[in-house]
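# Observations on the three-dimensional arrangement
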Amino acid sequence: MPMKILANTFYILNNIEETIEKKDIKGLFNQFITDTIDFISRNKTVRLYQIREANTQVVNSINAIIKEIVKSNSKLEEVIESNFNKNANRLLAKEIEAQNVVDRLKTTIQKGSLIQSVLYDENTEEYYII
């Protein structure tokens with residue numbers, strides 16, 4: 001399946017230092033992403049995620065990316081990057097909030113990571129946002 005990766009990001013979320021760090025993920029990682037999408041699309045036992053709340057940061061980011069795809073806008077890359085960055089910052093804020101809750105238990109939440117991708121399947125003309 002010829003899958004074209006339009007965007008791939010990998011963020012390290014450090015809730016202790018309250019920072020996000022974007023890592024370069026070229027090479028074999030792209031194959032991992034396309035293999036994962038291929039597996040999901042062929043596997044009938046994989047359940048789809050059901051959105052519980054339509055007005056969240058992540059849902060709004062996905063909608064913004066979809067609008068740019070539909071418009072065939074030349075700013076697509078910029079919109080994807082901006083929204084992926086917003087999602088990473090939102091997740092970091094949630095991790096910091098969770099750390100504040102468990103602080104009294106003398107527990108530390110480990111650093112997290114976030115992988116986000118936009119792919120286009122040339123055979124089916126479908127987009128995937130993960």
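Refer to the structure above for everything that follows.
Residues numbered from 1 in each chain as written. Predicted model: local features only at pLDDT ≥ 70, side-chain atom pairs only at ≥ 80, totals over all residues. Heavy atoms only, no water.

### Quick look at the packing of aromatic side chains
The final tally for this structure, using the stated rule, is 1 aromatic pair. Residues Tyr120 and Tyr127 carry aromatic rings whose centres are separated by 4.7 Å and whose planes lie at 45° to one another, so their mutual orientation is tilted. Tyr127 gets classed as partly exposed once you look at its relative accessible area, which sits at 39%. (Phe/Tyr/Trp six-rings, centres within 6.5 Å; stacked < 30°, edge-to-face > 60°. Buried < 20%, exposed > 50% of the residue type's maximum accessible area, 1.4 Å probe, protein only.)

### Some remarks on the pattern of salt bridges
Counted according to the given criterion, the structure contains 4 salt bridges. Across the salt bridge formed by Glu21 and Lys23, the nearest N and O atoms sit 3.1 Å from each other. The class of Glu21 is partly exposed, set by a relative accessible area of 41%. When the shortest N-O distance is used, the salt bridge between Glu68 and Lys71 registers 3.3 Å. Of this pair, Glu68 and Lys71 are both found in helix α2 (residues 57–71), 3 residues apart, which corresponds to roughly one turn of the helix. Assessed through its relative accessible area of 10%, Glu68 is described here as buried. (Salt bridge = Lys/Arg side-chain N within 4 Å of Asp/Glu carboxyl O. Helix = DSSP H or I, 4+ residues; strand = E, 2+ residues; numbered from the N terminus.)

### Observations concerning the layout of surface pockets
The gaps left among the atoms become clear once a water-sized probe is rolled over them. For the second largest pocket, the calculated volume is near 230 Å³. In this structure, the second largest pocket is lined by 14 residues; those nearest its centre are Ala7, Asn8, Thr9, Lys22 and Lys26. Elements that contribute at least two residues to the lining of the second largest pocket include exactly β1 (3–14), β2 (19–23) and α3 (76–102). Top element by residues in the lining of the second largest pocket is β1. It accounts for 5 residues. Taken together, the residues that form the lining of the second largest pocket break down as 5 nonpolar, 3 polar and 6 charged. (1 Å grid on protein atoms, 1.4 Å probe; cavity = no way out; pocket = protein on both sides within 12 Å on 5 of 7 lines; lining within 4 Å. Points joined across faces, edges and corners; volume = space filled by probe spheres on them. Nonpolar A, V, L, I, M, F, W, Y, C, P; charged D, E, K, R; others polar.)

### Some remarks on the nonpolar core
Judged by nonpolar contacts, the single largest core of 14 residues is most densely connected at Tyr11, Leu13, Ile65, Ile80, Phe84 and Val118. Those elements giving two or more residues to this core turn out to be β1, α2, α3 and β3 (112–121). Here this core gets 7 residues from one element, more than from any other, and that element is α3. Dropping the residues within four chain positions of it, Ile80 is found in contact with Ala7, Ile65 and Val118. Judged by nonpolar contacts, the second largest core, of 8 residues, contains Phe10, Ile25, Phe29 and Ile37. (Core = buried A, V, L, I, M, F, W, Y, C linked by side-chain atoms within 4.5 Å. Contact = heavy atoms within 4.5 Å.)

### Observations regarding the side chain of Ser117
For Ser117, the location among the structural elements is in strand β3. For Ser117, the contacting residues outside a window of four places in its chain are Ala7, Asn8, Ile33, Phe84, Tyr128, Ile129 and Ile130.

### Notes on unusual backbone geometry
One non-glycine residue, Glu18, lies in the positive phi region at around 55°. Checked against the element boundaries, Glu18 lands in the loop between β1 and β2. In this structure, Glu125 is a non-glycine residue whose phi angle is positive, near 55°. Classification of Glu125 as exposed rests on a relative accessible area of 59%.

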